Amino acid sequence: MSKLVLTRWIPFLILQSFLLAIAFGSNEVEEEFSESLLLKPLPDRKVLAHFHFENRAPPSNSHGRHHHLFPKAISQLVQKFRVKEMELSFTQGRWNHEHWGGSDTLSSMNAKPVGVELWAVFDVPRSEVDTSWKNLTHALSGLFCASINFLESSTSYAAPTWGFGRSSDKLRYGSLPREAVCTENLTPWLKLLPCRDKDGISALMNRPSVYRGFYHSQRLHLSMVHSGMLLEQSLTVVLQPDTVYDGKDLQPSWSLSSLFGRKVVGKCVLAKSSNVYLQMEGLAHPEAHTLLKNEEFELSTQPDRTLRESSSVLFIFNIDKSSDSQPFDLGLTWKLTSKWSCKQAPLHASRFLMGSGNERGAIAILLKATESQEKLSGRDLTNGGRCTIKANVFQIFPWYVKVYYHTLQIFVDQQQNTSSEVLKKINVSPSADKMSSGMMEMMLELPCEVKSVAISIEYDKGFLHIDEYPPDANQGFDIPSALISFPDHHASLDFKEELSKLPLLSKFKEKSLVRSYTEVLLVPLTTPDFSMPYNVITITCTVFALYFGSLLNALRRRIGEEERFLKSKGKKTGGLKQLLSRFTAKIRGRPVESPPSEPTAAAQSSVLSSKLLFKIILVAGVAAAWQYFSTDK
Amino acid sequence: MATEKQDKEEEVKTDDGSPKIKPRPIVQLGIFLISHSPVFSVVFSAAGVMALLLLPLLAKNTYISENALMPGSARSMLSHRDVSDGSKLVNDVKNFRLNHEGQGVEVQRLIGNYMLDMGAEVSYQKFQPEGNHFHPLHFFSGPASFTNLGNVSCASYGVNVAGIIRAPRGDGKESIVLVTPYDFINGGDYEALSLGIASSLFSLLARVTWLSKDIIWLVADSRYGDYRPVAAWLTEYHTPSFEVSDLSKCDELNPSDSFRRAGTVAAALVVKVDGRSERFEDTLSIYAEASNGQMPNLDLINVVNYLAVHRQGFYVKVEKVVSLLSSSWLKTVGEIFEAVGKVARTLNPDWKFGIPAADYLEGSATLASSLYSQALGIPTGPHGAFRDYQVDAITLKVSPRFPPDNKGRQHEFFLRGAQLLEGTIRSVNNLLEKFHQSFFLYLLTSPGKFISVGVYMIAFALLVAPLPMVAASLYIDGCTTQNPAENLKSWKWLDAAKQVFALHLLGFIVTLLPYFICQVPGEQSPTNRSFIWAATSSSLLLITFVTVPGCSPFSSRLHGANWAVLKSVTISAAFIGLCLMSIINFATAEIGALLLVPMCLMVRPIKPDLRSRRVKSLLRALCSMVLVTNGFPVMFFAISKGLIGEGLVGLGLGGEFWTWLESLWAWKSATYLYIGMVHLPCWLLCLYILFHPS
């Protein structure tokens, strides 16, 4: 049977391979893969390593459903959900804007909020965008072993209009600040590379050294360009080289093998280009650094090319020549103390919660002028005679933070500002309880000489339903990062040379928006103590029993009826009761009281209670005796 | 509440007056209790006092309830280099203060530079010493309400230094605060040692990789007291004012040193070094009580206690009432309990409730102190400021066993102190959730023993249980004995209720009076002020008696056994007041019940007793007089002063009482409200009953 099927399929197979061959032959554009690594010493004695992998595929119809290099999983995503552009990032640690830079391409592209961030633009009719988004989150969740599917619920994502920096009504944005990032997320990400982490630059990704870093952000950016699909994968890590403190306050010296514990042994054979770059900022004499050795530092390998930019020097190394016998191991040794500072964004943003208690609070965003802004204010950014900085603030509020938008206050240089002066545009979509999250987009136009801006907005804390709490006792709930972007400021490296052959550098040459994410905030909400449900059950049961018992008694009992019933019953008393009453009477040394002749209720009650007391004493005596005898043995 | 319901049912029962009906058991029990209320009230009250005395015996050993804390499971990473950093800072600060005189912020700068060198972010904060102004309407408002400062003078302000270490891989959502109060002008040598401990620790934390929460080290400028700088820093941290502040104008600091923050505060530790230890070991005292008897989670104390005792070998103690240690009656009680425990053990070896008399004495002295400081409602240290923001915090007061200039010992002292703090911070750092696992309502009898709410509330419940019983029986007596024609449905209690209400209203006004007395121009001494207060209060009392009908003791309408109804309503009011107070501040209610309950139960008109001239009656009259005298708040204050070992001053007592009350309202202690609105009216009513013309 199987043989028969096979023979029947053979002609088709042949036909297919033939067709494929035609397709290859006819199309000039091929799938391309390139890998690169950028290393950059940072002013605070750390080293930044930025892995960048670029995968291009021609428009999908030219190859049918098949790809040589491009990951099939991603192309299926594109086909199935009609994704026009998408970015997914996994981040651990905080980007230090003060020391690691805030306005260069590297930081504005790769400084991401803690946890998972996902945004996507779809190429579907407006009504289907939400469905596509939900399906996409589930698909990505499976693909990357992460709980991205939590972004499916309408309370966790938003549709920014202009505040995100990309104007599209088919854009959806969501982030999960609580997501822990680990190797299980890195492995599927590496699987998308043609050489995985077996060969080429990605072989450097030794898990312990990658995760030992101070910052770790793994990013996947997919876009549809005119020449087909473009998939960019980048991993940014900030590492601390191991150094022995020598008291000379030198920058630490490092090499690839000391940073990663591995060396590059040859490129990924499928890659069209594979390069390692070293970017040096703040050098004392940028002209003299073409040499391998100079008085400031020393490189272990001769760079293939050197590029100069306004503030930095870039050394390019080609790793084609490296092999098992001659591994590529770039090393940098400092000889002189050098201090520099990175380019800062015009304003440094921080965000914090205000207030105390479980009832209400306020969110404040503080923008502080940085040094680079002081320089900028000299530059002419005239807008009708006034020098201004534009800043967009984009913020998602989860529904349990019920924001009162009318309480928005803006203080410029510690003076309260009437909103219209600096607030040029605002777009607010209020949250609905347990339905959708709120969103606020603001465009501020600030004078260049501004020192500080504070934005505060008050909120009430919501009450969660019992099954909306996480299963364990928790520390609080998160408010995702706010995004501050500066539409008038663009980051780019200003190279004079033509760099289309070097994908990473051509990327850096493009102008990109300067943006920075603020901290994630933790809102402590009222939390019932779930660890002791027993107490709750007991108390509730007691209260219910007391309440319903008395209520039913009041409603049901008819006193008159009961009296009559008791009267009729009182005539025939049981033998045991008579015996008991006689017994008690004997104890009390009184004649037997006949029940009907007893006049006062109090006296009767005392008789009865003495009986009761007797019973209690009897039971207690028996219990004590039993306890005594049982423990003795 | 349940007993009251029973009383009602019982009333209905007796009301319809059919003797043959056998009431239900619960009603029977109610009737039984009410008809024998004198016996039961004595039994219950005695049991309540007994239960209170038994508490040290019932204390359980503390245990670490939250598994995630794992104290002491990691090896300390503190190196000698870190410690020598700390020693260097202490030396530098000392030398600097020797060479430079004045009020500048140079010492703060010096410490700030140390923090910067360790890799921390540093910020300086200016604050004003603040006079606490009593405002009746702000009593229960949040900590932010008193931010409006009056005129700002540049002459006097303090400067706090705060350094923040960011957790290398953390998300910055949470932080742990370490506070070392230090007086930059007159700080002693011992105080400077706390800087050494903290900076040794800080130097370590700046390089470790296990941090998941940011660490803030706050050097609080304690020239205006320990509490104020911490409270000011927390206010700035949580509720900053974005308006331009007057304080920033009197500038000595660079304005670019902006205030820095780090996430929600998870826990806070205040470290102080003071005085020399009297014992052979270094002593560590733990202070935990915050405002209104709020306590931090017991786990925080447990972790510190565990690490201090089992890892660092400190002698750990909590505050105790020293005078109780030498009291002979308590010793006798302890010996009796010990003997009873021994007897019980001979009967059954499993019954292990006896503890040695010495332990009992220690335990009760600690318990008394714990009760007293909770009842007072005044925080016992700067950690109290954190409680206003729902942060668990404790103060650790370390007393070294060496003089402060002993360099050799100092190194070891820093090492141990910093290791203790390192372990604690590491435990809190491990915690993924808020402190929630262990107790929040407890009393300590020693650093390692506690009494949870389930145990200590028994004493209170027993004490207040007779109140509704006696109230009910008195009401029945008052209604039935006088005139059989008038039955229970009469509105006679309304007159009594009016009186009680009028006096409670008076109590409320008397509570508010100090605010107006403070507004009186001119500098008044506390004695004068208390005199004004007493005078206005008593005149108000007279006015009430004259104007409000039915309130006057001279009114002819009151006659016969009407005092019984009045007493019944008084007792009900006291019961409600005590129960409400027990929810707000348990310890206050407990001590209040000890004073109020016997007084309310015993008090009765002395005239008939004196007239009858029988020994029993005279004894009863004497008893109620003594109890009523003790119940007077000023007397209570004097006795409590005597108990904690301070001398009684005859004439200055009024002034002292005034300052005491002033401190109570300045700290927004609910005890002040209790004294004014529950205790004082009840006492007045009892006095009124005592001299009732019947």
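Bear in mind that the values here come from a model prediction, so they are computed numbers and not experimental data.

A. Geometry of the pattern of salt bridges. Throughout the structure, instances matching the rule amount to 43 salt bridges over all chains. The partner of Lys 40 of chain A in a salt bridge is Glu 281 of chain A, with the nearest N and O atoms 3.8 Å apart. Here the residue Lys 40 of chain A occupies a position in strand S1 (residues 32–41), and Glu 281 of chain A occupies one in strand S10 (residues 273–281), the gap between them amounting to 241 residues. With relative accessibility at 1%, the residue Lys 40 of chain A sits in the buried group. Between Lys 272 of chain B and Asp 226 of chain B there is a salt bridge, with its nearest N and O atoms 2.3 Å apart. Pair noted here: Lys 272 of chain B is in strand S6 (residues 264–273) and Asp 226 of chain B is in the loop between strand S5 (214–221) and helix H7 (227–238), with a separation of 46 residues, a long-range link. Accessibility expressed as a relative area gives 18% for Lys 272 of chain B, which makes it buried.

B. Spotlight on the pairing of strand S25 (residues 483–491) of chain A. Summarising the sheet, strand S18 (residues 386–397) of chain A and S25 of chain A pair through 3 bridges and their orientation is antiparallel. Residue pairing in the sheet places Phe 394 of chain A in a bridge with Leu 483 of chain A of S25 of chain A.

C. Representation of the UniProt feature "transmembrane region" (unreviewed entry) in chain A. With numbering aligned to this structure, UniProt lists the feature "transmembrane region" (unreviewed entry) at residues 534–555 and 612–629 of chain A. Secondary structure within residues 612–629 of chain A divides into 100% helix and 0% strand; the distance between the first and last C-alpha atoms comes to 26 Å.

D. Geometry of the sheet that holds strand S6 (residues 171–176) of chain A. All names here are of chain A. Overall, mixed pairing links the 11 strands, which are arranged S5-S6-S4-S3-S7-S8-S2-S1-S10-S13-S12 in an open sheet. At either end of the open sheet lies a strand with only one pairing partner, and these are strand S5 (157–158) and strand S12 (305–308). Relative to strand S7 (residues 215–225), strand S3 (residues 83–92) runs antiparallel, the two sharing 8 bridges. Paired with Glu 85 across the bridge in S7 is Ser 223. Running over the sheet, helix H2 (residues 72–81) touches S3, strand S4 (115–122), S7 and strand S8 (228–239) and is turned about 55° from S7. Contacting S3, S4, S5, S6 and S7, helix H5 (residues 129–144) crosses the sheet at an angle of about 135° to S4.

E. A look at the packing of helix H18 (residues 562–584) of chain B against helix H24 (residues 670–690) of chain B. Residues and elements named next belong to chain B. Put simply, H18 and H24 touch, their axes get as near as 10 Å, and they point 165° apart. On the basis of their axis angle, the class for H18 and H24 is roughly antiparallel. The handedness of the crossing between H18 and H24 comes out as left-handed. Each of Trp 563, Leu 566, Lys 567, Thr 570, Ala 574, Gly 577, Leu 578, Met 581 and Ile 584 in H18 lies in contact with H24, whose residues at this interface are Ala 670, Thr 671, Tyr 674, Val 678, Cys 682, Leu 685, Tyr 688 and Ile 689. Of the residues assigned to the contact of H18 with H24, the class counts are 13 nonpolar, 3 polar and 1 charged.

F. Here's a closer look at the UniProt feature "transmembrane region" (unreviewed entry) in chain B. Residue and element names in this part refer to chain B. Listed under "transmembrane region" (unreviewed entry) in the UniProt record, and renumbered for this structure, are residues 39–59, 453–476, 496–518, 530–549, 569–597, 618–639 and 671–691. Annotated as 95% helix and 0% strand, the span residues 39–59 places its first and last C-alpha atoms 30 Å apart. As annotated, residues 671–691 has a helix share of 95% and a strand share of 0%, and its two end C-alpha atoms lie 28 Å apart.

Quick notes on the rules
Residues numbered from 1 in each chain as written. Chains lettered and ligands numbered in written order. Predicted model: local features only at pLDDT ≥ 70, side-chain atom pairs only at ≥ 80, totals over all residues. Heavy atoms only, no water. Salt bridge = Lys/Arg side-chain N within 4 Å of Asp/Glu carboxyl O. Helix = DSSP H or I, 4+ residues; strand = E, 2+ residues; numbered from the N terminus. Buried < 20%, exposed > 50% of the residue type's maximum accessible area, 1.4 Å probe, protein only. Pairing = 2+ DSSP bridges. UniProt positions renumbered as here; feature names shortened; annotations may be inferred. Contact = heavy atoms within 4.5 Å. Axes fitted to C-alpha atoms, helices over the stretch in contact; angles between N-to-C directions. Parallel < 35°, antiparallel > 145°, perpendicular 65-115°, else oblique. Left-handed = near helix turned anticlockwise from the far one by under 90°. Nonpolar A, V, L, I, M, F, W, Y, C, P; charged D, E, K, R; others polar.

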